[in-house]
Amino acid sequence: MKHLLITGGAGFIGSHVVRLFVNKYPEYRIVNLDALTYAGNLANLKDIEDKPNYTFVKADICDYERMCAVMQEYDIDGVIHLAAESHVDRSIKDPFTFARTNVMGTLSLLQAARQYWDGRWEGKRFYHISTDEVYGALRLDRPEGDAPYGSEFFLETTPYNPHSPYSASKASSDHFVRAYHDTYGMPTLVTNCSNNYGPYQFPEKLIPLFINNIRHGKPLPVYGKGENVRDWLYVVDHARAIDVIFHNGNIGDTYNIGGFNEWKNIDIVKVLIRTVDRLLGNPEGTSDHLITYVTDRAGHDLRYAIDSTKLKNELGWEPSLQFEEGIELTVRWYLENQEWMDNITSGAYEKYYADMYRGRV
Ligand code: NAD
Ligand code: DAU
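A brief look at the structure comes next. For clarity, every value in this text was computed on a predicted model and none was experimentally measured. (Residues numbered from 1 in each chain as written. Chains lettered and ligands numbered in written order. Predicted model: local features only at pLDDT ≥ 70, side-chain atom pairs only at ≥ 80, totals over all residues. Heavy atoms only, no water.)

1. Quick notes on the environment of Lys 310
And then number 1: Positionally, Lys 310 belongs in helix H9 (residues 309-315).
And then number 2: Each C-alpha atom, one on Lys 310 and one on Ile 344, is 38 Å from the other, the two residues being 34 residues apart in sequence.
And then number 3: With sequence-adjacent residues up to four places away left out, Lys 310 is seen in contact with Glu 156, Asp 253, Thr 254, Tyr 255 and Leu 315.
And then number 4: Separated by 3.1 Å, the side chains of Lys 310 and Asp 253 make a polar contact. (Helix = DSSP H or I, 4+ residues; strand = E, 2+ residues; numbered from the N terminus. Contact = heavy atoms within 4.5 Å. Polar contact = N/O pair within 3.5 Å; in protein donor to acceptor, adjacent residues only side chain to side chain.)

2. Here we look at the site of ligand 1
And then number 1: Around ligand 1 there are 28 residues in total, and Ile 13, Asp 34, Ser 86, Tyr 166 and Lys 170 lie nearest to it.
And then number 2: Separating a nitrogen atom of ligand 1 from a backbone N or O atom of Ile 61 is a distance of 3.0 Å.
And then number 3: Ser 86 is positioned with one of its side-chain polar atoms (N or O) 2.7 Å from an oxygen atom of ligand 1.
And then number 4: Put simply, the parts of the chain that give the shell around ligand 1 at least two residues each are helix H1 (12-24), strand E5 (125-131), helix H5 (165-184) and strand E7 (195-197).
And then number 5: At three residues, the largest contribution of residues to the shell around ligand 1 is made by E5.
And then number 6: Taken together, the residues that form the shell around ligand 1 break down as 14 nonpolar, eleven polar and three charged. (Near = heavy atom within 4 Å. Nonpolar A, V, L, I, M, F, W, Y, C, P; charged D, E, K, R; others polar.)

3. Section: the site of ligand 2
And then number 1: The full set close to ligand 2 counts 25 residues, and Ser 86, Asp 132, Tyr 166, Arg 297 and His 300 are the nearest of them.
And then number 2: Here Arg 297 contributes a side-chain N or O atom positioned 2.6 Å from an oxygen atom of ligand 2.
And then number 3: In the environment of ligand 2, an oxygen atom lies 2.7 Å from a nitrogen or oxygen atom belonging to the side chain of His 300.
And then number 4: In the complex, the protein chains occlude 95% of the 690 Å² of accessible area that ligand 2 would expose alone.
And then number 5: For the shell around ligand 2, the secondary structure elements donating two or more residues are helix H6 (206-215) and strand E8 (220-223).
And then number 6: Looking at the shell around ligand 2 residue by residue, the class counts come to eleven nonpolar, eight polar and six charged. (Areas by Shrake-Rupley, 256 points an atom, 1.4 Å probe, with all protein chains shown as cover.)

4. Let's talk about helix H12 (residues 348-357)
And then number 1: The complete set of buried residues in H12 reads Tyr 349, Tyr 352, Tyr 353, Met 356 and Tyr 357. What you see down the axis of H12 is that its buried residues fit within an arc of 105 degrees, all on one side. In this structure, H12 carries Ala 348, Glu 350 and Lys 351 as exposed residues pointing more than 90 degrees from its buried face.
And then number 2: Here the buried face of H12 lies against helix H3 (88-93), H6, E8 and helix H11 (338-345). (Buried < 20%, exposed > 50% of the residue type's maximum accessible area, 1.4 Å probe, protein only. Arc of directions from axis to C-beta.)

5. Digging into the pattern of salt bridges
Opposite charge on two side chains makes pairing possible when the charged atoms of those side chains draw close.
And then number 1: One pass over the full model with this rule turns up 15 salt bridges.
And then number 2: We note a salt bridge from Glu 49 to Lys 46, for which the minimum N-O separation is 3.4 Å.
And then number 3: Residue classification places Lys 46 among the exposed positions, given a relative accessible area of 56%.
And then number 4: For Arg 332, the salt bridge is made with Glu 328, and the minimal N-O distance between the two is 3.2 Å. You can see Arg 332 and its partner Glu 328 sitting in helix H10 (residues 323-336), four residues apart, about one turn around the helix.
And then number 5: Using a relative accessible area of 37% as the deciding quantity, one classes Arg 332 as partly exposed. (Salt bridge = Lys/Arg side-chain N within 4 Å of Asp/Glu carboxyl O.)

6. A look at empty space enclosed by the protein
And then number 1: For the structure shown, the criterion picks out one cavity of 30 Å³ or more.
And then number 2: Size it by volume and the largest cavity reaches roughly 50 Å³.
And then number 3: Forming the boundary of the largest cavity are Val 88, Glu 133, Ser 164, Arg 230, Arg 297, Ala 298, Gly 299, His 300, Asp 301 and Tyr 304.
And then number 4: For the lining of the largest cavity, the residue count by class is three nonpolar, three polar and four charged. (1 Å grid on protein atoms, 1.4 Å probe; cavity = no way out; pocket = protein on both sides within 12 Å on 5 of 7 lines; lining within 4 Å. Points joined across faces, edges and corners; volume = space filled by probe spheres on them.)

7. Comments concerning the pairing of strand E9 (residues 229-234)
The two faces of a sheet get side chains in turn, since along a regular strand they alternate between them.
And then number 1: When you tally the buried positions in E9, you get six out of six residues, the bulk of the element.
And then number 2: Burial along E9 is two-sided: Val 229, Asp 231 and Leu 233 and Arg 230, Trp 232 and Tyr 234, pointing in opposite directions, are all buried.
And then number 3: Here E7 runs beside E9; their pairing, made up of three bridges, is parallel. Residue pairing in the sheet places Tyr 197 in a bridge with Tyr 234 of E9.
And then number 4: Alignment of E9 against strand E11 (residues 262-264), held across three bridges, turns out to be antiparallel. Pairing of Val 229 across the sheet is with Lys 264, part of E11. (Pairing = 2+ DSSP bridges.)

8. Looking at H1
And then number 1: With 13 residues, H1 extends 19 Å between its outermost C-alpha atoms, agreeing within 8% with the 18 Å of an ideal straight helix rising 1.5 Å per residue.
And then number 2: The buried fraction of H1 amounts to ten of the 13 residues, a majority that puts the element mostly inside the structure.
And then number 3: Among all positions in H1, only Phe 12, Gly 14, Ser 15, His 16, Val 17, Val 18, Arg 19, Leu 20, Phe 21 and Val 22 are buried.
And then number 4: Looking at the buried side of H1, the elements it contacts are strand E1 (3-7), strand E2 (29-34), strand E3 (54-58), strand E4 (78-81), E7 and helix H7 (235-248). (Expected span 1.5 Å × (residues − 1).)

9. Thoughts on the sheet that holds E3
And then number 1: A sheet is described by the order of its strands in space; here seven strands give the open sequence E3-E2-E1-E4-E5-E6-E10, paired in parallel fashion. If you trace the sheet from one side to the other, it starts and ends with E3 and strand E10 (254-257), each paired once. Within the sheet, the average angular offset between the axes of one strand and its neighbour, ignoring direction, is 20 degrees.
And then number 2: As judged from the four bridges shared by strand E6 (residues 188-193) and E10, these two strands associate in the parallel manner. Across the sheet, the residue bridging to Asn 192 is Asn 256, located in E10.
And then number 3: Its contacts with the sheet put H7 on E1, E4, E5, E6 and E10, and the angle it makes with E5 is roughly 145 degrees. (Axes fitted to C-alpha atoms, helices over the stretch in contact; angles between N-to-C directions.)

Take a look at the structure:
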């Protein structure tokens, strides 16, 4: 019997990880701990909430006493840590919240695990989920033609060079996790993944935001010239990688996770427009006029591209879906789950959206 604590399980990626573990490992007890911030949504887990091996705990990872109590109450032997503030634009407006949750929250969780395990490391795991953004930005030295758009890729050995308050906070948390391994011997794992897309992503992020705006005939605010490049991975493939690494990863190691799937933002936007228009029965080109170039994001990283060869060679993981299939599934999901979207995009979110885009669109 394994007792796993998954933090941030009510968020986008966390909900897919919780679903995979609850369904695949009925013999494990899965404790989903989440503070239910604006990004946490228990509706993401409706289909598994009654499973006997699943428990939800509402708590803040920064609450150290509470983390110690949870470790003890559920006799936790493995932690998969996803809870974080995750949106770059919000980090530019409010860096303190990012330092608090991502740095101090991670430290609080590490210390609670260390305190509970008390040097009994056998069979224990602390697995920290991080991002490719800690490596900084790559050059766009092959901007024309097909991807890849540059000759360099992020490797596990690439030096950290974060630019946004979000990526700086994630970099700091990664360093703390490694420090707990090197200093105390805690069995840790760190993974750095590229951009995820798929169902249940909060609609402040590019793909769900734009699908929803196209559906409602609202402007699509493309930052700068739309030439920034991201490397997109279907979220279920990220959850599969987490499963493989949690069980078979080399303790103390880092693994990069990515799909070798680079896209310029403007090209993604065109794919989204074509797909939404087709699925809604609109003539091709109906929503092209919604593209609106707006002021660029401050410090906007030009290109991310992950090399995940180590993960493939050591643990045999590869993405299972081609991007075309993944994006079709994703657009269909958002169009078929308008109620999920409406519940989020009413209320407080409306104010956020108006503030974020005031003067830009
Ligand atoms: P998300 O914003 O959708 O979800 C974050 C979850 O964490 C929410 O459920 C929220 O309620 C919870 N949370 C926030 N602060 C908390 C706190 N103090 N205590 C407890 N819970 C708290 O994020 P996501 O996109 O699912 O990202 C999950 C993790 O994966 C993050 O660590 C992020 O840095 C990392 N990551 C994300 C991506 C991506 O493309 N989305 C890519 C690579 C890595
Ligand atoms: O690379 C992994 C990271 O991917 C994760 O660590 C982050 O948690 C996640 O949010 C994501 O960060 P990005 O900043 O790349 O994602 P976002 O969806 O915000 O933006 C994707 C690209 O689209 C980026 O170049 C900015 C651009 N963009 C975004 C929004 C929201 C726009 O042009 N217009 C927009 O309105």
